[in-house]
Amino acid sequence: AFGLKDTRGNELLPVKYAKIEYDYILAAFLVREGKKAGIYKVGQGFLLNCEYDKVTTVTQYNSTHANGGYTLVKKGKVYGLYYTGNNAGWRILPDKYEIIAWLKNNYFSFKQDGLWGVIRNDNKIMVPAEFESLSSKMGYIESAISIGFKENKAFIIENDGAVRPLTQNEAESEIKYL
């Protein structure tokens, strides 16, 4: 069992946890109690109690803030997005999405009822769940969030949420870039 003390020897967390590890991106400790996980931040206490099945740091996020980051949180069969920096809190509640995955800064894909859509980190849906799959492998087409696929066709999802067909030239350029 593990616990946590500050530099003066004061107990921050009692010796009862299965695992405690510091996450530099989140600027917080990932804490495991039995099979459940939570997030603890010195000076603030538990941001998330140990009641979640999975807590995964979003390592791709490019943050200019050294005091926190994003984490994907699974509870039961649904995922949410939590931020540990200034104004820490839920950005996307873990109440309806089967999966949430990073696409690019501030944008995430989500799966709902077997289809994929795009959501911002402030919980604004940019594109509803209508795609069979989404790709974050953007290289040549910098002005877009993602490439979406449905009914054997490819679409560009623009930064403003507009959806349009992928042109042959764009597809060829994207393949060359990769």
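Here goes a summary of the coordinates provided. In every chain, residue numbers begin from 1 and rise along the written sequence. The model is predicted, so local features are restricted to residues of pLDDT at least 70 and side-chain atom pairs to those at 80 or more, both for listing and for counting; the totals for chains, interfaces and linings are taken over all residues. The basis for every side-chain value is the complete set of non-hydrogen atoms in the structure, without hydrogens or water.

1. Considerations on the overall build of the protein chain
- Labels follow the DSSP assignment, with helices taken as runs of H or I lasting at least four residues and strands as runs of E lasting at least two, numbered in each case from the N terminus. The helix and strand inventory of the protein chain stands at one helix and 18 strands.
- Taking the principal axes of its C-alpha atoms as reference, the protein chain extends roughly 65 × 30 × 25 Å.
- The classification of residues rests on relative accessible area computed with a 1.4 Å probe and restricted to protein chains. Under 20% of the type maximum is buried, over 50% is exposed, and intermediate values are partly exposed. Taken across its 178 residues, the protein chain has 42% of its residues classed as buried.
- A fraction of 25% describes how many contacts in the protein chain between residues 6 or more apart in sequence connect residues 24 or more apart.
- Accessible surface computed for the protein chain: about 10,000 Å², of which carbon and sulfur atoms make up 48%.
- For the protein chain, the separation between the mean place of its 23 positive charges and that of its 20 negative charges on side chains is 5 Å. Between two residues, a contact is recorded if the distance between any of their heavy atoms is within 4.5 Å. Per-residue accessibility takes into account occlusion by the displayed protein chains alone, with areas from the Shrake-Rupley method and a 1.4 Å probe. Residues counted as positive are Lys and Arg, residues counted as negative are Asp and Glu, and His and the chain ends are not counted. By convention, the charge on Lys lies at NZ, on Arg at CZ, on Asp at CG and on Glu at CD.

2. What about the sheet that holds strand β11 (residues 99-104)?
- Overall, antiparallel pairing links the four strands, which are arranged β11-β12-β13-β14 in an open sheet. Strands at the two margins of the open sheet, each flanked by one partner only, are β11 and β14 (125-131). Taken pair by pair, the neighbouring strands of this sheet meet at an average axis angle of 25°, ignoring direction.
- A pair of strands is considered paired only if DSSP assigns at least 2 bridges between the two. As paired elements, strand β12 (residues 107-112) and strand β13 (residues 115-120) share six bridges and run antiparallel to each other. When the sheet's bridge partners are listed, Phe-108 is paired in β13 with Ile-119. Convention adopted: a line fitted to C-alpha atoms gives each axis, helices being fitted over their contacting stretch, and angles between N-to-C directions are expressed from 0 to 180 degrees.

3. Structural notes on the sheet that holds strand β16 (residues 144-150)
- Taken together, the four strands give an open sheet; going across it, the order is β15-β16-β17-β18, and neighbouring strands pair in antiparallel fashion. Every interior strand has two partners, whereas the edge strands, β15 (133-135) and β18 (163-165), have only one. Averaged over all neighbouring strand pairs, the angle between strand axes comes to 30°, with direction disregarded.
- Where β16 lies against strand β17 (residues 153-158), six bridges are found, and the strand directions are antiparallel. Pairing of Ser-146 across the sheet is with Ile-157, part of β17.

4. A closer look at the environment of Ala-101
- Here Ala-101 lies in strand β11.
- The contacts of Ala-101, once residues within four sequence positions are left out, are Phe-108 and Ser-109.

5. Describing the pairing of strand β5 (residues 36-41)
- The element β5 is largely enclosed, with a buried count of five among its six residues.
- Judged from the four bridges that link them, β5 and strand β6 (residues 45-52) form a sheet pairing that is antiparallel. Bridge pairing in β6 links Ala-37 to Tyr-52.
- Between β5 and β6, which pair antiparallel in sequence order, lie three residues; one of them, Gly-43, sits at a positive phi of approximately 90°.

6. A look at the nonpolar core
- Among the nonpolar cores identified, the biggest contains 12 residues, and these are Val-58, Tyr-70, Leu-72, Tyr-79, Leu-81, Tyr-83, Ile-92, Tyr-97, Ile-100, Phe-108, Phe-110 and Ile-119.
- Contributions of two or more residues to this core are made by β8 (70-75), β9 (78-83), β10 (89-97) and β12.
- Sorting elements by how many residues they give to this core places β9 first, with three residues.
- Excluding residues within four positions of it along the chain, Ile-119 makes contact with Ile-92, Tyr-97, Asn-106, Tyr-107, Phe-108, Phe-110, Lys-124, Ile-125 and Met-126. Side-chain atoms within 4.5 Å are what join buried Ala, Val, Leu, Ile, Met, Phe, Trp, Tyr and Cys residues into a set we call a nonpolar core.

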